[in-house]
Amino acid sequence: MTQKVPGIEIPTVPQNAMGPEVPPCGYLVEEIADGVHWVTDGGYQCAFVVCDDEVVAIDAPPSLGTLVMRAIRDVTSKPVTHVVYTHSHGDHIGAVHQFPDDAVRVAQQETHAILRECNDPLRRVPDVTFKDFHRLEVGGQVLELHYRGSNHAPGNSFVHLPRQKVLMLVDVIYPGWVPFTNIAQSKNIPGFMAHHDHALSFDFDTMITGHLTRLGTRQDVEIQREYMHDIRSAAQHALEITSQKRDLARSTVGTDHVYVYFKTMYEAAAAEAARPVIEKWSGRLGGVETLGVNHTLTMYHSLRLDENAQPQVVFFPPTDGVTVR
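Residues numbered from 1 in each chain as written. Predicted model: local features only at pLDDT ≥ 70, side-chain atom pairs only at ≥ 80, totals over all residues. Heavy atoms only, no water.

A.B. asks: In this structure, what is going on with the nonpolar core? I would like to understand it.
C.D. replies: The nonpolar side chains of a soluble globular protein tend to be buried with one another. Leu-167, Met-207, Tyr-227, Met-228, Met-265, Met-299 and Tyr-300 are the most contacted members of the largest nonpolar core, which totals 48 residues. Mapped onto this core, the elements with two or more residues apiece are helix H4 (181-185), helix H5 (189-200), helix H6 (218-240), helix H8 (258-281) and helix H9 (288-306). If you tally residues by element for this core, the top one is H8, at eleven residues. Those residues in contact with Tyr-227 that lie beyond four places of it in its chain are Val-178, Pro-179, Val-277, Trp-281, Leu-285, Val-288, Gly-292 and His-295. Counting residues in hydrophobic clusters, the runner-up holds 24 residues, among them Cys-46, Val-55, Val-80 and Leu-115. (Core = buried A, V, L, I, M, F, W, Y, C linked by side-chain atoms within 4.5 Å. Buried < 20%, exposed > 50% of the residue type's maximum accessible area, 1.4 Å probe, protein only. Helix = DSSP H or I, 4+ residues; strand = E, 2+ residues; numbered from the N terminus. Contact = heavy atoms within 4.5 Å.)

Structural data, given as structure tokens:
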């Protein structure tokens, strides 16, 4: 079933992609377990942890703006003494300036390097950095910060609260949905893929993912892992049929305008290869009808560029009758 508006067919959102309703105030704040809270506006998510005498904030998206601090004040009057940055992107930490100046900022080394280069006054350079692991103990609460390599972004880290069995990983898992466009705009597609297994190596029941309408579970990670491996298989198939689409592109648009030629060839291969994936996941994950081809094309380029996958793409075949030696 699709929702029809003038000129557009919008696929129905699967029920499992729906989250709690956001109140008219513009945000929802809920306790997950033992002082760990999440805040959402239905599109973005952040978190905070209430300790004995203080609060640890984790991210502050501009979409929520100062509502993050208001949400904290709905729960406690304790001061925010620490701020954890999951990664450097402005859409997740672009409003951290709302927290007190003397609050200690904590982030991975790559995030520090990126923010130092950006020199953005709204995203202050972190005070405490770590390479692979940092244990933050504040007022009876323990947050373990882990870095398992580049993924969606360099420096993008896990925040694990082992006692509460809560895991936060932003911009990788999309509960009930497929990832955002271009495989979540990831800088490192192989790393993005590997982070599904990294996530499952943690002991957790609940996951804060940074985006969309609900919290995640281990099953959500497993489901998305299956979807992404289907996308990888489709992209491999797209590589294998590129020679056919190369000939199609030559006959339909020629090779004089190389960008049109490349675009026609790539997109035709990705569209054909993605069809079975879209059919499999339609009605199960939100957005697959919209982004399945895009994901296949993004993975296609990652396979040929990052992994030198075979067969290699030959853009311009030799002139008929000419033997390549």
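Structure shown, so let's carry the discussion forward.
A.B. asks: Help me understand unusual backbone geometry, please; the structure alone is not making it clear to me.
C.D. replies: Excluding glycine, residues mostly carry a negative phi; peptide bonds, for their part, are mostly trans. In this model, Gln-310 is joined to Pro-311 through a cis peptide bond whose omega is 0 degrees. Position of Pro-311 among the secondary structure elements: in the segment after H9. A positive phi angle is found at Asn-119, which is not glycine, with a value near 55 degrees. Tracing the backbone through its elements, the reader meets Asn-119 in the loop between helix H3 (109-118) and strand S9 (128-130). Positive phi values are uncommon outside glycine, yet Gln-185 reaches one of about 55 degrees. With respect to the helices, strands and loops of the structure, Gln-185 is situated in helix H4. Residue classification places Gln-185 among the partly exposed positions, given a relative accessible area of 39%.

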